Amino acid sequence: MYSDKVMDHFMNPRNVGEIVDANGVGEVGNAKCGDIMKIYLEVEDNIIKDVKFKTFGCGAAIASSSMATELIKGKTLEEAWNLTNKAVAEALDGLPPVKMHCSVLAEGAIHKAINDYRIRMGLEPWEDNITDLDDHHHHNNE
Amino acid sequence: MEQKRLIYMDHAATTYTKPEVVETMMPFFTEQFGNASSVYTFGRKSKAAVETAREQVAKAIGAKSDEIYFVNGGSEADNWAIKGIAWAHRDKGNHIITTKIEHHAVLHVCEYLENNGFEVTYLSVDENGLIDLDELKRAITDKTILITIMFANNEIGTIQPIAEIGKIARERGIIFHTDAVQAVGNVAIDVEKMNIDLLSLAGHKFYGPKGIGALYIRKGIKIENLIHGGGQERRRRAGTENLPGIVGLGKAIEMATENLEEHNEKIRKMRDRLLNGIMEKIPYTKLNGHPEKRLPGNINVSFKFIEGESLLLMLDQLGICASTGSACSSGSLDPSHVLLAIGLPHEIAHGSLRLSLGDLTTEEDIDYVLEVLPKIVQRLREMSPLYEDFIKKGEN
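All of these numbers come straight from a predicted model, not from anything done at the bench. (Residues numbered from 1 in each chain as written. Chains lettered and ligands numbered in written order. Predicted model: local features only at pLDDT ≥ 70, side-chain atom pairs only at ≥ 80, totals over all residues. Heavy atoms only, no water.)

**A look at the overall build of chain A**
Stage number 1. Of regular secondary structure, chain A possesses 5 helices and 3 strands.
Stage number 2. Listing every helix and strand of chain A by position from the N terminus yields α-β-β-β-α-α-α-α.
Stage number 3. Over its C-alpha trace chain A gives a radius of gyration of 14 Å, about what one expects of a compact globule, namely 14 Å for 142 residues.
Stage number 4. With respect to the three principal axes, the spread of C-alpha positions in chain A is 45 × 30 × 25 Å.
Stage number 5. Burial analysis of chain A (142 residues in total) assigns 57% to the buried set.
Stage number 6. Sequence separation of 24 or more characterises 62% of the internal contacts of chain A that already satisfy a separation of 6 or more.
Stage number 7. As displayed, chain A has an accessible area near 6000 Å², and 47% of this comes from carbon and sulfur atoms.
Stage number 8. For chain A, the centre of its 14 positive side-chain charges and the centre of its 24 negative side-chain charges are spaced 4 Å apart. (Helix = DSSP H or I, 4+ residues; strand = E, 2+ residues; numbered from the N terminus. Rg over C-alpha atoms; globule rule 2.2 N^0.38 Å. Buried < 20%, exposed > 50% of the residue type's maximum accessible area, 1.4 Å probe, protein only. Contact = heavy atoms within 4.5 Å. Areas by Shrake-Rupley, 256 points an atom, 1.4 Å probe, with all protein chains shown as cover. Lys, Arg positive; Asp, Glu negative; His and termini not counted. Charge placed at Lys NZ, Arg CZ, Asp CG, Glu CD.)

Right under this line is the structure:
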């Protein structure tokens, strides 16, 4: 059901953990639906110097978190903001249709963490077109 | 992904077919293949084999052989029993009583009947998965034509008070069906003593072949046919007899019920060692299902802060086969209806694991699972933001 890439990122997740003095944190999802994703950013000079995640969820959710963090590490905030869920899924050699929402969660968690950083810096948060992530199951985000 | 060894802990999903059973079946594929409904001697030999199997099934559940009808499995047996009784007795009433924790082969049939003019009461269960007999009594109306309650639950293993339910049904003159797919070969069954009118069973749950099952219908019970066509099974169930399957079912049920207590004791001992080990080694774990009134091979636990599908994937990497009630493994939105019915919050239901032990289970398997499972749970917890929140709360 999962690609080898998904299994690799699930069994050997990259960037798992917590950044104690993170300056941007985003959490999406809810326990009721069975998945929560939390992303920690360490931003310096508009660059994501370090990123870590914690995820409660299925194999696809963990693999999506791992891949998404890999894809934004070392990137500018603008680049990270523009990472789409599709790009995460493609980098994983695809996700089963019922698991696409996991990649949406990853995109949403990154947006939330970036905006958290912007707010901490006294900047306007960027407008996020992904809404209602805590209730994502009832939407067709694919 | 490579697997070192196979540790099969999903006997409730299906079992292997015992070599002795396969051996009994083999001649009926290649040599004695005649149609059991044919007139010639060659066909009549097949017929005789079918009748022997019918006697073996009847004996295993305390029925008479002419009360046994072969079907293709548990789902067909449940469909036939419930639809057949509903359609045959709709002049008498349109009310059916069942429970919230039935298998989908019962629940979806009930929903189908609700869309066709019937009314269904879904009895709730307590935190251990047991129905309340008083609630059952109160649910009965003068329109009630059928009570259908599973013998033992496939997920949490809870065994219902079937004899008491049968007694209530009999006193009120209501037909009683039980889905005994999980119970046969694990619990002693006597349809006479337990006042069971219809009973579903499936071969592949007790080391018989897949694709064969039976419905017991007490003599004198009026029921509509489900499968129409030829005159097989005394004109009750059309279709050429699955001869090898039927022969295999007969052999399997005989083997599964002859040393039942001895067999159960062995499985139960291993189950208890595994369960106690899990509860001891893994904190924040909850046992789901009744502590005593449960199938001998069943373990169902919820590990807080983690999700079941990721747990299954990690176990699979080590060759361990198991199940979960998490929604993420089935593609549906909600976790198992059984776990919700016993009152688990969604997030605890998502973290459930079912290990079902059986003949393939060895003491080495138990040791191995007890060695790796705590590490896997801990690994997933360390990835979980829920666990992080919980630990931080504890520190403050």
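**Section: the packing of helix α1 (residues 4-11) of chain A against helix α2 (residues 59-72) of chain A**
Residue and element names in this part refer to chain A.
Stage number 1. Closest axis-to-axis distance for the α1/α2 pair is 8 Å, and the angle between their directions is 85°. Judged by the angle between their axes, α1 and α2 are roughly perpendicular. Across from Lys 5, Val 6, His 9 and Phe 10 in α1, the residues of α2 making contact are Gly 59, Ile 62, Ala 63, Ser 66, Met 67 and Glu 70.
Stage number 2. Of the residues that constitute the contact of α1 with α2, the class distribution is 5 nonpolar, 3 polar and 2 charged. (Axes fitted to C-alpha atoms, helices over the stretch in contact; angles between N-to-C directions. Parallel < 35°, antiparallel > 145°, perpendicular 65-115°, else oblique. Nonpolar A, V, L, I, M, F, W, Y, C, P; charged D, E, K, R; others polar.)

**What to know about the layout of surface pockets**
Empty space among the atoms can be located by rolling a probe the size of a water molecule over them.
Residues and elements named next belong to chain B.
Stage number 1. Size it by volume and the second largest pocket reaches roughly 420 Å³.
Stage number 2. In terms of lining residues, the second largest pocket is bounded by 31 residues, among which Gly 185, Asn 186, Tyr 207, His 263 and Asp 359 are the most central.
Stage number 3. Of all the secondary-structure elements, those providing two or more residues to the lining of the second largest pocket are α9 (243-258) and α10 (260-281).
Stage number 4. Summarising the domain contributions, the lining of the second largest pocket has at least three residues from each of domain 1 (19-258) and domain 2 (260-393). (1 Å grid on protein atoms, 1.4 Å probe; cavity = no way out; pocket = protein on both sides within 12 Å on 5 of 7 lines; lining within 4 Å. Points joined across faces, edges and corners; volume = space filled by probe spheres on them. Domains from an automatic or database assignment.)

Shape descriptors only; they carry no functional weight alone.
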